[in-house]
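Take a look at the letters that make up each chain.
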Amino acid sequence: MSKRAVKSGKAEIAGSSLGGGRAGGVTGGARGFGRAVRSIALPLVLAAGLVLGGPAVGSADAVSACTGRLAKTVPFKTGKLHVYKSRSYACATAVSKKSGSRRPMSVTIQARGGSPVTDRGKYTKQAGPVTVHALNRCVRASASISGGSASTGWILC
């Protein structure tokens with residue numbers, strides 16, 4: 001015989017309630033099975049939605065892949081240099097004014113005392129993001145797009 005204790009109208013086995021904590025007594029495993037299916041199915045559906053084009057599709061805000069707050073924007077003739085700062089990282093992107101055919105773009109970021117990190121190539125809209133560890137350190141960034149360029153001095157000190 002199993003250990004059963006009746007307490008306030010609910011059946012308990014070894015300290016765990018069988019009814020999911022609801023009044024009405026023992027309901028069996030069907031309710032628990034539904035919860036298990038929902039706990040697995042919901043994350044899968046959300047992941048599929050992100051892969052197939054989540055809420056950022058078609059959004060102008062989806063251009064940058066940097067996290068953190070926008071710390072500095074430096075406009076120049078052919079585009080903009082964006083520098084972002086989170087608690088311990090700094091990130092930079094170079095965004096072209098006009099998308100179109102592939103053209104040379106580059107973006108570089110360097111933390112003081114560290115090596116520069118560069119993304120250089122032929123892109124249609126954006127170079128980067130490039131990220132460096134910048135906890136308690138100044139950073140500098142530069143960008144160039146089709147002959148136009150911009151740079152920051154040491155910032156975020």
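Residues numbered from 1 in each chain as written. Predicted model: local features only at pLDDT ≥ 70, side-chain atom pairs only at ≥ 80, totals over all residues. Heavy atoms only, no water.

Asks: Can you walk me through the state of the cysteines in this structure?
Replies: This model, assessed by the stated rule, comprises two disulfides. Each disulfide pairs two cysteine sulfurs, and for Cys66 the partner residue is Cys91, the sulfurs being separated by 1.9 Å. Residues Cys66 and Cys91 are joined through a disulfide that is left-handed, its torsion about the S-S bond being -60°. You can see Cys66 sitting in the loop between helix 1 (30–51) and strand 4 (69–76) and its partner Cys91 sitting in strand 6 (residues 89–96), a full 25 residues away along the chain. In this pair, the class of Cys66 matches that of Cys91, namely buried. One disulfide bridge connects Cys138 with Cys157, the sulfur atoms lying 2.0 Å from each other. Looking down the S-S bond of the Cys138 and Cys157 bridge, the torsion is 135°, so its handedness is right-handed. Of the two residues, Cys138 sits in the loop between strand 9 (126–133) and strand 10 (139–145) while Cys157 sits in the segment after strand 11 (148–151), which places them 19 residues apart along the sequence. Residue classification places Cys157 among the exposed residues on the basis of a relative accessible area of 72%. (Disulfide = S-S within 2.5 Å. Helix = DSSP H or I, 4+ residues; strand = E, 2+ residues; numbered from the N terminus. Buried < 20%, exposed > 50% of the residue type's maximum accessible area, 1.4 Å probe, protein only.)

Asks: So what exactly am I meant to see when it comes to unusual backbone geometry here?
Replies: The general pattern is negative phi for most residues beyond glycine and trans for most peptide bonds. For the bond from Gly128 to Pro129, the omega torsion is 10°, close enough to zero to count as cis. Checked against the element boundaries, Pro129 lands in strand 9. Despite not being glycine, Asn136 shows a phi value in the positive range, around 60°. Tracing the sequence through the fold places Asn136 in the loop between strand 9 and strand 10. Since its relative accessible area comes to 75%, Asn136 is described here as exposed. Here Leu156, not a glycine, exhibits a phi torsion of approximately 60°, which is positive. By the element assignment, Leu156 lies in the segment after strand 11. In this structure Leu156 comes out as partly exposed when scored by relative accessible area, which is 24%.

Asks: When you look at the packing of aromatic side chains in this model, what are you seeing that I'm missing?
Replies: Each aromatic ring pair is summarised here by two numbers: the centre-to-centre distance and the angle between the ring planes. Counting across every chain of the model gives zero aromatic pairs. Between the NZ or CZ atom of Arg112 and the centre of the ring of Trp154, over which it lies, the distance is 4.3 Å. (Phe/Tyr/Trp six-rings, centres within 6.5 Å; stacked < 30°, edge-to-face > 60°. Lys NZ or Arg CZ within 6 Å of the ring centre and 35° of its normal.)

Asks: I keep staring at the sheet that holds strand 7 (residues 103–111) and nothing clicks. Help me out?
Replies: Each strand in a sheet pairs with its neighbour through backbone hydrogen bonds, running either in the same direction (parallel) or in the opposite one (antiparallel). In spatial order, the strands read 8-7-10-11; together these four strands make up an open sheet with antiparallel pairing. Each edge of the sheet is formed by a strand with only one pairing partner; in this case those strands are strand 8 (117–123) and strand 11. When the angles between neighbouring strand axes are averaged without regard to direction, this sheet yields 5°. Here seven bridges tie strand 7 to strand 10, and the two strands are oriented antiparallel to one another. Counted as the bridge partner of Thr108 is Ser142 from strand 10. (Pairing = 2+ DSSP bridges. Axes fitted to C-alpha atoms, helices over the stretch in contact; angles between N-to-C directions.)

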